[in-house]
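Take a look at the letters that make up each chain.
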Amino acid sequence: MELPGELAGVTAEWLSAALSQDRPGTRVATVRRGAPTVRFAAGVPLAVTYAANPAGLPEALYLKTTLGLDVGRLRAAAARETRFYTEFARTVPVRVPECFFAATDDRTGHSVLVLADLSGAARFGDPRRPLGVAELRDGLAQLALLHAAWWDAPPAGVEPYPGDLRPVVLGLLAGDGWRRALDRPAGSLVPQPLRSPALVVEATERMWRLQDGQAVTVLHGDPHLGNTYTGVDGRLGFLDWQALSAGPYAYDVTRYLVGSASVAVRRRYERELLLGYLEALRRRGVAQPPTPTEAWTAYRRNVLHGLRFLCTPPGTYPEAAIEAYVRRCVAAAEDLQALAALGL
């Protein structure tokens, strides 16, 4: 169906048509849009009343959209997230917000998702609040569920990692890009020799080269703590699927574990948690998952990807959150001798 050209076009009539595609007979009586928040898309709370609601849809919905934004740099990411909700989330029951409508306009590149509003029923992840062992284990089980479904056989058309992100990432890390990142408050945590743009670029290139030959699967692509939530049942789920890609499992696992655990918890439990992830792959049907030695090596080699959090656009997260995340990544890089694992 046709998407509205602007947020004002998300009317009761349009929302009725959108929601009734999968839930026939749904008719919205009124819709009130809350104030949008903008990060890598606009998020708009919707307060809805229904004239007819045979499927029992909630009155609190959440609109995630690129309407009203410059879609140029968001186009590919928005399309990836739409595909996740219309295809992947319907195939494998990864814990995510329930989606009631998802579409991308191929002509304009704009996308619209209508999701359950979790604000009253979940605690959103915050890099300043690391997860406990049970939540860490739960998140790795969710990643194993996703990875196992397409282990060594990602569907056609899924962008490979790093793919079109390669020049973007290298642009952030090269020369003035990395020096600007180091000028932020959290930049003071980065030790020598990781303050060298040339070394950070070389380390990134080596991480990518050393992933060749590993099993490729469908990745979340950005599973840091800020893209998680914990429901009222205490179970962890993942948000923001704009970086959906095909790549090596260790990228997701390392980004999640290093960035989400406190330094003390990671040091004590990281091997146990990695073994739990491998066992979850077996339970999900992966006949030959990586060996513990292979998984440990891949984990060490992927640690430095997390330092890119220092390049997050200003205003996306509080500086204290970026500092907390970078502090954990730096500690892991030192503990695990990440540069040595890359031959540097």
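Refer to the preceding data block for the structure.
Owing to the predicted nature of the structure, the values given are computational and were not obtained by experimental measurement.

Draft legend 1. Layout of the overall build of the chain. Across its full length, the chain carries 11 helices and 11 strands. Taken over the C-alpha trace, the chain has a radius of gyration of 20 Å; the compact-globule value for 344 residues is 20 Å, and the two agree within 12%. If one aligns the C-alpha atoms of the chain with their principal axes, the spans along those axes are about 65 × 45 × 35 Å. The buried share of the chain, reckoned over its 344 residues, is 54%. Of the contacts formed within the chain by residues at least 6 apart in sequence, a portion of 72% connects residues at least 24 apart.

Draft legend 2. Examining the environment of arginine 235 more closely. In this fold, arginine 235 is placed in the loop between strand 9 (228-231) and strand 10 (236-238). With 96 residues separating them along the chain, arginine 235 and glycine 139 place their C-alpha atoms 8.4 Å apart. Leaving out residues up to four positions away in the same chain, arginine 235 has contacts with Arg95, Asp138, Tyr229 and Thr230. In terms of polar contacts, arginine 235 uses its side chain to reach the side chain of aspartate 138, at 3.1 Å.

Draft legend 3. Expanded view of the packing of helix 7 (residues 249-260) against helix 9 (residues 292-302). Viewed as axis vectors pointing N to C, helix 7 and helix 9 meet at an angle of 65 degrees, and their least axial separation amounts to 9 Å. Taken together, the axes of helix 7 and helix 9 are roughly perpendicular relative to one another. Crossing of helix 7 against helix 9: the hand is right-handed. Within the contact between the two elements, helix 7 uses Tyr249, Ala250, Tyr251, Thr254, Leu257 and Val258 and helix 9 uses Glu294, Ala295, Ala298, Tyr299 and Asn302. In terms of residue class, the contact of helix 7 with helix 9 is built from 8 nonpolar, 2 polar and 1 charged.

Draft legend 4. Up close: the environment of tyrosine 317. Inspection of the secondary structure puts tyrosine 317 in the loop between helix 9 and helix 10 (319-335). A C-alpha to C-alpha distance of 9.1 Å links tyrosine 317 and arginine 39, two positions 278 residues apart in sequence. Those residues within four positions of tyrosine 317 in sequence are excluded, and the remaining contacts are Arg39, His224, Gly226, Asn227, Phe309, Thr312 and Ile322. A distance of 3.5 Å separates polar atoms of two side chains, one belonging to tyrosine 317 and the other to histidine 224.

Draft legend 5. Highlighting the environment of phenylalanine 309. Within the secondary structure, phenylalanine 309 is located in the loop between helix 9 and helix 10. Each C-alpha atom of the pair phenylalanine 309 and histidine 224 lies 9.1 Å from the other, and the pair is 85 residues apart in sequence. Leave out the neighbours within four places in its chain, and phenylalanine 309 touches Pro127, His224, Tyr317, Ala321, Ile322 and Tyr325.

Draft legend 6. Examining unusual backbone geometry more closely. Cis geometry is adopted by the peptide bond preceding proline 162, which originates at tyrosine 161 and carries an omega value of 5 degrees. In the segment running from glutamine 192 into proline 193, the intervening peptide bond is cis, with an omega of 5 degrees. Note that proline 193 resides in the loop between helix 5 (175-182) and helix 6 (197-210). For aspartate 152, which is not glycine, the phi dihedral falls at a positive 65 degrees. Within the secondary structure layout, aspartate 152 lies in the loop between helix 3 (133-149) and helix 4 (166-173). Look at aspartate 152 and you get exposed, because its relative accessible area is 54%. In the Ramachandran plot, aspartate 240 falls in the positive-phi region, its phi being about 55 degrees despite a non-glycine side chain. Aspartate 240 gets classed as partly exposed once you look at its relative accessible area, which sits at 22%.

Draft legend 7. Highlighting helix 8 (residues 263-283). With 21 residues, helix 8 ought to run about 30 Å at 1.5 Å a step, and its terminal C-alpha atoms sit 29 Å apart, in line with that. At tyrosine 269, helix 8 shows its maximal bend, which comes to roughly 60 degrees. Among the residues of helix 8, Val265, Arg266, Glu270, Leu273, Leu274, Tyr277, Leu278, Ala280 and Leu281 are the ones counted as buried. Residues of helix 8 that are buried make contact with helix 3, helix 7, helix 9 and helix 10. Of the residues trailing helix 8, glycine 285 is marked for its positive phi of about 100 degrees.

Draft legend 8. Quick look at empty space enclosed by the protein. Applying the stated criterion across every chain, the model contains 5 cavities of 30 Å³ or more. By volume, the largest cavity is sized at about 50 Å³. For the lining of the largest cavity, the element with the highest residue contribution is helix 6, accounting for 4 residues. Across the lining of the largest cavity, the residue classes break down as 7 nonpolar, 1 polar and 1 charged.

Draft legend 9. Summary view of the pattern of salt bridges. Taken as a whole, this structure holds 24 salt bridges when the rule is applied. In this structure, lysine 64 and aspartate 240 form a salt bridge, with 2.7 Å as the shortest nitrogen-oxygen distance. Of the two residues, lysine 64 is situated in strand 4 (residues 60-65) and aspartate 240 in the loop between strand 10 and strand 11 (245-248); the sequence distance between them amounts to 176 residues. The shortest N-O distance in the salt bridge between aspartate 335 and arginine 267 comes to 2.7 Å. Placement of the pair is aspartate 335 in helix 10 and arginine 267 in helix 8, with a sequence separation of 68 residues. Given the relative accessible area of 49%, arginine 267 is considered partly exposed.

Each value, and the rule that gives it
Residues numbered from 1 in each chain as written. Predicted model: local features only at pLDDT ≥ 70, side-chain atom pairs only at ≥ 80, totals over all residues. Heavy atoms only, no water. Helix = DSSP H or I, 4+ residues; strand = E, 2+ residues; numbered from the N terminus. Rg over C-alpha atoms; globule rule 2.2 N^0.38 Å. Buried < 20%, exposed > 50% of the residue type's maximum accessible area, 1.4 Å probe, protein only. Contact = heavy atoms within 4.5 Å. Polar contact = N/O pair within 3.5 Å; in protein donor to acceptor, adjacent residues only side chain to side chain. Axes fitted to C-alpha atoms, helices over the stretch in contact; angles between N-to-C directions. Parallel < 35°, antiparallel > 145°, perpendicular 65-115°, else oblique. Left-handed = near helix turned anticlockwise from the far one by under 90°. Nonpolar A, V, L, I, M, F, W, Y, C, P; charged D, E, K, R; others polar. Expected span 1.5 Å × (residues − 1). Bend = angle between axes of the 7 residues up to and from the residue. 1 Å grid on protein atoms, 1.4 Å probe; cavity = no way out; pocket = protein on both sides within 12 Å on 5 of 7 lines; lining within 4 Å. Points joined across faces, edges and corners; volume = space filled by probe spheres on them. Salt bridge = Lys/Arg side-chain N within 4 Å of Asp/Glu carboxyl O.

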